[in-house]
Amino acid sequence: MGVNISKDVPELKYVWTYRAKSFFKDTVPVVSGDGKTVALYSRGEKLIHVLDGDGSHLCSIKMKQKMLLANVSAIPSLSYDGSRIVTRDSNSVICYTRTGELMWEYERSDKVVRSGMQSWIAQISANGKIVVVRMFHDLIWINADNGEVISIATHEHEYARTIPRISDDGSTVIVADGFNLHCYINASCVWTKPAEKVKGKLHLYGWGDPGLSADGRVCSSTFDHVVHIFDTKTGNPVGTITDVRSVSHENSSQASFSADGKIIAVVLQKNGIGVFTGPGYQNPLLLYTMEGVHRPVAPLLTRDGKRLLSKAADTILQFDIGSGDEPVAVGRVKDTSHIPGGPTVHSRDYHHDRDTHHIRTYTLSDDGSFGVTVAKSKELWAFKLGSAQGGVIGK
C-alpha cells in the first residue's frame with residue numbers, strides 16, 4: 001500500500017547521514033532553531049547523540065536510566081542556538097551543553113517513573129531561559145541558567161494526557177489535562193477553559209494536544225472535531241475550524257501555527273489537510289485531500305507560513321502555500337521511518353501521535369530550510385528543502 005504521489009514531484013536529496021553503533025529504533029531526531037545542532041535519543045543504546053548541523057559528531061550523552069524510557073519522555077529539547085540540551089533521565093530533568101557538559105540536574109526521587117505513560121516531559125524555551133516540566137499533577141518552571149525552581153502549579157487532574165507548549169520567550173505556556181485547557185503567563189494561570197460534555201461520549205475525550213504560536217499570542221486545541229483558537233492574553237475565542245480529524249483523544253490533530261499566529265494548518269476529515277488565515281481563520285489558503293489508504297497527518301507550517309509539510313506513511317510532503325487551486329508539491333522525502341506507535345514532534349515541541357499508522361519522524365529548523373529524519377534503514381538522514389517547482393500530488 002503506497003502513497004499516491006506523482007513521479008513528477010522531485011525528491012529532496014539527503015545532504016548527510018549518520019549511523020550509530022546500533023540502529024535507531026522508535027525515536028525522533030530534534031534540530032535546533034538555527035539548524036546547527038541535531039540531537040537524537042537512541043533508546044536501545046540509552047544515549048543522546050549530539051551532532052553539528054553538517055553531520056559531525058559532537059558527543060554522546062550517557063543516560064542514567066535503569067529502564068527504557070517511553071520515547072517521548074526522553075526526546076531532548078534544544079534552545080534556538082543548540083547551546084542547551086534538556087532531557088528527562090530516570091527521576092531527574094537534566095541540562096547539558098551541546099558538547100555534553102552537565103549544567104544542572106533537577107532530581108525528584110519522590111516521583112515514581114512511569115515508563116510508557118509519558119508522565120514526565122521537559123522542554124526549554126527557544127531563548128534558553130526557561131525550562132517547563134510536566135510531571136504528573138505538577139507543572140514546574142525552572143531557571144535554565146542554574147536549575148533553580150521558579151514556580152510549581154499543581155492541578156487536580158494529571159497533565160499526562162497532553163504535551164505542554166511554550167512560547168519562544170518562555171513567558172507563555174499552554175497545557176491541557178483533558179478536562180481543562182490552561183494558559184499560564186509568567187508562571188501564573190490567567191484563564192482556564194473546561195471541556196464541554198458531549199452527549200453520548202465519555203468526558204475523558206476532552207481537549208487534545210494544544211498548539212501555540214511562537215510569539216505566544218494565539219493558541220488552539222481540538223475538541224469533538226472542532227479546532228478552537230484563543231487569544232492567549234484574554235482567553236477570548238478568535239476562531240474555530242470545523243470538520244477536523246479527531247482520533248485517539250485528538251492528539252494527532254494538533255494544529256500548527258506560523259510564528260505570528262496569523263496562519264494555521266490543521267488535519268481535516270476524510271484524508272485532508274487545510275491551511276487557513278484571515279478573520280476567524282475562515283479564509284482557506286490550501287485545501288487538499290489525498291487519495292488512497294494513507295492520509296497526510298500532523299501538518300507543520302514553516303515559521304514564515306510559506307510552506308507546509310506533512311507526513312503520509314513513509315513520505316514527507318512539502319507544499320507551497322497559496323500556489324493555486326491545486327496544491328503543488330515542490331519536494332518529497334521518501335523512505336522515512338514508518339514506525340507503528342511512538343511520538344511525533346513539531347520542531348522543538350513534542351507531539352505524541354497515538355494514531356499508530358501515521359508517525360512523523362522528522363523535524364525542521366526555524367527557517368524551514370533544513371530537516372532531519374530517521375529513515376527506514378534506522379539511520380539519521382539530513383535533508384535540505386528546495387524551491388524548484390514540482391508536480392501536482394495525486395496525479
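Structural data are supplied above this passage.
Here, residues in each chain are numbered from 1, in the same order as that chain's written sequence. Where local features are concerned, this predicted model is filtered to residues with pLDDT of at least 70; where side-chain atom pairs are given and counted, the filter is 80 or more; whole-chain, interface and lining totals use all residues. Think of the side-chain values as coming from all heavy atoms in the structure, minus any hydrogens and water.

Caption draft 1: Representation of the pattern of salt bridges in the model. Throughout this description, the term salt bridge denotes a Lys or Arg side-chain nitrogen within 4 Å of a carboxyl oxygen of Asp or Glu. Going through the model one piece at a time under the given rule, you end up with 7 salt bridges. Ionic pairing is found between Asp-52 and Arg-98, a salt bridge with its closest N-O pair at 3.2 Å. Taken together, the positions of Asp-52 in strand β4 (residues 47–52) and Arg-98 in the loop between β8 (92–97) and β9 (102–107) put the pair 46 residues apart, joining distant regions of the chain. Residue Arg-98 is classed as partly exposed on the basis of its relative accessible area of 22%. The partner of Asp-145 in a salt bridge is Arg-84, with the nearest N and O atoms 2.8 Å apart. Placement of Asp-145 in the loop between β12 (138–143) and β13 (149–154) and of Arg-84 in strand β7 (residues 84–89) is noted, with a sequence separation of 61 residues between them. Buried residues are those whose accessible area, probed at 1.4 Å on protein chains only, stays under 20% of the maximum for their type, while exposed residues exceed 50% and partly exposed ones sit between those limits. We classify Asp-145 as partly exposed; its relative accessible area is 40%. For Arg-84, a relative accessible area of 16% puts it in the buried group. Three or more residues joined by partner-sharing salt bridges are found here, namely Asp-168, Arg-303 and Asp-366. Helix and strand assignments follow DSSP, with helices taken as H or I runs no shorter than four residues and strands as E runs no shorter than two, numbered in order from the N terminus.

Caption draft 2: Geometry of the environment of Leu-317. Among the structural elements, Leu-317 can be located in strand β28 (residues 315–320). The buried category is assigned to Leu-317, whose relative accessible area is 0%. Counting along the chain gives 15 residues from Leu-317 to Arg-332, while the straight-line C-alpha distance between them is 4.8 Å.

Caption draft 3: Spatial organisation of the state of the cysteines. Here, two cysteine sulfur atoms that lie within 2.5 Å of each other are counted as a disulfide. By the definition in use, this model includes 0 disulfides. Take Cys-183: it sits in no disulfide, and the sulfur closest to it among the cysteines is that of Cys-219, at 5.8 Å. Under the relative-accessibility criterion, Cys-219 is labelled buried at 0%.

Caption draft 4: Quick peek at the packing of aromatic side chains. The aromatic pairing rule takes the rings of Phe, Tyr and Trp, using the six-membered ring of Trp, and pairs them if the centres are within 6.5 Å, calling planes under 30 degrees apart stacked, those over 60 edge-to-face and the rest tilted. With the rule as written, the count across this model stands at 6 aromatic pairs. With centroids separated by 5.6 Å and ring planes inclined at 50°, the aromatic side chains of Tyr-288 and Phe-319 adopt a geometry described as tilted. Of the two residues, Tyr-288 is situated in strand β25 (residues 283–289) and Phe-319 in strand β28; the sequence distance between them amounts to 31 residues. Assigned by exposure class, Tyr-288 and Phe-319 land together as buried. Site record: aromatic cluster; members linked through ring pairs are Trp-191, Trp-207, Phe-223 and Phe-230. Here, over-ring charges are defined by two tests on the NZ atom of lysine or the CZ atom of arginine: distance to the ring centre within 6 Å, and angle to the ring normal within 35 degrees. Its guanidinium or amino end placed over the ring of Trp-191, Lys-193 lies 5.8 Å from that ring's centre, counting from NZ or CZ.

Caption draft 5: Local environment of the sheet that holds strand β33 (residues 370–374). The strand order across the open sheet formed by 4 strands is β1-β34-β33-β32, and the pairing between neighbours is antiparallel. Strands at the two margins of the open sheet, each flanked by one partner only, are β1 (14–18) and β32 (362–364). Neighbour to neighbour, the strand axes of the sheet diverge by 20° on average, direction disregarded. Relative to β33, β32 runs antiparallel, the two being bridged by 3 bridges. If you follow Tyr-362 over to β33, its bridge partner there is Thr-373. In this analysis, strands are considered paired if DSSP registers two or more bridges between them. Note on definitions: angles span 0 to 180 degrees between N-to-C directions of axes, and those axes are lines fitted to C-alpha atoms, for helices only across the stretch in contact.

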